[in-house]
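Here is what each chain is made of, one letter per residue.
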Amino acid sequence: MPIRHVGLAVCVAALWGLNFLAIHFSLEQFPPLFLAGLRFVVLAVPALLFVPRPQVPLRWLIGYGLGFGTLQFFGLYLGMAAGFPAGLASLVLQSSAPFTVILGALLLRERLTPRRALGVGVAVGGLVLVGASRGGMDGWAPFFLVVLGGFGWALGNLASRKAQTTRPMSLALWMCVVPPLPMFALSLAVEGPGRIGAALGTAWQVQALPAWLGLAYTVLLGTVVGSAIWVWLMSRHPAGVVAPFSMLVPVVGVLAAWLVLGQQPTWLELAGGVLVVGGVLWASRPDGPLRPRRRWRAV
């Protein structure tokens, strides 16, 4: 993986790490499922009107939208709305990386080298440390909802790779056409029109400005820019090479939540973060041939 592509992967991780702060502020105003639908409908309308549909098989476009767009944010938004902390959610969602590596090996026949397996294993060990430190504080239902979101992200990763698009921005925008209908339908059924109406009734007050700014961030930077770069990388490299970089997201997410929201990590969580970074760096190293040993001769 060229160094410039590594830099792009790290940039996406930073954008997505800060995304959890934006989601936190938006959830203070809007119900979670309605917010998820609103996030994507803002992009779906201009995509349908002005962006040509990418020339990819429809099944992979729908699969990307259902996995990355619908299932991921269904689990994430519900988990965070149920009280799961933003910093810890950014960590648990990275269960997408081992899901992607395993599904890539099983479904796409991608080669899982010993180096990548070891790196992912070390990073997963870091996730386990952080989960062991705080996973039981808010109950297990929010935790498993966020894990479900990670599984959806992994499914979206594989679908975007199979799409093999040369226009990643178009694919990222057209993916947004899929989630609004199921999200709004679920919102009406679960959250109800009364709760939605109450949120919209106070959405134009000054106090709701952080929620709108958070929504703007998730739409423009988290979805458009981040997803387009990620799809571009996934179309050019094996899923098992790109996916481990998503484990850098919780490093940014935990630090941002610590600085802005006062969610101070424990020493065990910090140790887990170090393992996550180390595992990602190790997994991203190329598996080149061994150098022949240098032979010494007498002079």
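Residues numbered from 1 in each chain as written. Predicted model: local features only at pLDDT ≥ 70, side-chain atom pairs only at ≥ 80, totals over all residues. Heavy atoms only, no water.

**Quick word on the nonpolar core**
And then number 1: Core analysis: the biggest nonpolar cluster contains 69 residues, and Phe20, Phe73, Leu76, Tyr77 and Met80 have the highest contact counts within it.
And then number 2: Sorting elements by how many residues they give to this core places helix H11 (residues 209–234) first, with nine residues.
And then number 3: Ignoring anything within four residues of it in the chain, the contact list for Phe73 reads Ala36, Arg39, Phe40, Phe68, Leu78 and Met183. (Core = buried A, V, L, I, M, F, W, Y, C linked by side-chain atoms within 4.5 Å. Buried < 20%, exposed > 50% of the residue type's maximum accessible area, 1.4 Å probe, protein only. Helix = DSSP H or I, 4+ residues; strand = E, 2+ residues; numbered from the N terminus. Contact = heavy atoms within 4.5 Å.)

**What to know about the packing of aromatic side chains**
And then number 1: All chains considered together, the criterion is met by 16 aromatic pairs.
And then number 2: Consider the rings of Tyr64 and Phe68, whose centres lie 5.4 Å apart with planes at 40 degrees: the pair is tilted. Residue Tyr64 and its partner Phe68 are both found in helix H3 (residues 58–81); the two are separated by four residues, about one turn of the helix. By the burial criterion, Tyr64 is buried, and Phe68 matches it.
And then number 3: Taken together, the aromatic side chains of Trp16, Phe40, Tyr64, Phe68, Phe73, Tyr77, Trp153 and Trp230 make up a single cluster linked through ring pairs.
And then number 4: Cation over ring: Arg39 sits above Phe73, and NZ or CZ is 4.0 Å from the ring centre. (Phe/Tyr/Trp six-rings, centres within 6.5 Å; stacked < 30°, edge-to-face > 60°. Lys NZ or Arg CZ within 6 Å of the ring centre and 35° of its normal.)

**Overview of the packing of helix H8 (residues 168–175) against H11**
And then number 1: Where H8 meets H11, the closest approach of the two axes is 8 Å, and the angle between their N-to-C directions is 125 degrees. With respect to H11, the axis of H8 lies oblique. Crossing of H8 over H11 shows right-handed handedness. The residues of H11 that touch H8, namely those facing Pro168, Met169, Leu171, Ala172 and Leu173, are Val224, Ser227, Ala228, Val231 and Trp232.
And then number 2: Class assignment for the residues of the contact of H8 with H11 results in nine nonpolar, one polar and no charged. (Axes fitted to C-alpha atoms, helices over the stretch in contact; angles between N-to-C directions. Parallel < 35°, antiparallel > 145°, perpendicular 65-115°, else oblique. Left-handed = near helix turned anticlockwise from the far one by under 90°. Nonpolar A, V, L, I, M, F, W, Y, C, P; charged D, E, K, R; others polar.)

**Details of the packing of helix H5 (residues 96–107) against helix H7 (residues 140–163)**
The description of two helices packed together rests on the angle between their axes and the distance between the axes.
And then number 1: Where H5 meets H7, the closest approach of the two axes is 8 Å, and the angle between their N-to-C directions is 45 degrees. Between H5 and H7, the angle is such that the two are oblique. Helix-helix and strand crossings are classified by hand; for H5 and H7 the assignment is right-handed. In this structure, H5 uses Ser96, Phe99, Thr100, Leu103, Gly104 and Leu107 to contact H7, whose residues at the interface are Val147, Gly150, Phe151, Trp153, Ala154, Leu155, Asn157 and Leu158.
And then number 2: Classifying every residue of the contact of H5 with H7 by side-chain character gives nine nonpolar, five polar and no charged.

**Topic: H7**
And then number 1: Counted at 1.5 Å a residue, the expected span for H7 with its 24 residues is 34 Å, and the 35 Å between its end C-alpha atoms agrees.
And then number 2: Two residues or fewer after H7 comes Gln164, characterised by a positive phi angle close to 50 degrees. (Expected span 1.5 Å × (residues − 1).)

**Description of the confidence of the model for the protein chain**
And then number 1: Looking at the protein chain, pLDDT values average 85 and 92% of them are 70 or higher.
And then number 2: Helix H12 (residues 239–242) is the least confidently modelled element of the protein chain, averaging 75 in pLDDT, while helix H9 (residues 180–190) averages 96, the highest of any element.
And then number 3: Note that residues 289–299 has pLDDT below 50 and, in this model, zero contacts with residues that lie over four places away or in other chains. (pLDDT = per-residue confidence, 0-100.)

**Some words on H8**
And then number 1: With seven of its eight residues buried, H8 lies for the most part within the structure.
And then number 2: Those residues of H8 that sit buried are Pro168, Ser170, Leu171, Ala172, Leu173, Trp174 and Met175.
And then number 3: On its buried side, H8 packs onto helix H2 (32–50), H3, H7 and H11.

**Observations concerning a nonpolar patch on the surface**
And then number 1: A cluster of nonpolar residues, Val45, Leu48, Leu49 and Phe50, forms a patch on the protein surface that exposes about 460 Å² of accessible area.
And then number 2: With relative accessibility at 61%, the residue Leu49 sits in the exposed group. (Patch = residues over 30% accessible without salt bridge, like charges linked within 9 Å, V, L, I, M, F, W, Y side chains within 5 Å. Areas by Shrake-Rupley, 256 points an atom, 1.4 Å probe, with all protein chains shown as cover. Salt bridge = Lys/Arg side-chain N within 4 Å of Asp/Glu carboxyl O.)

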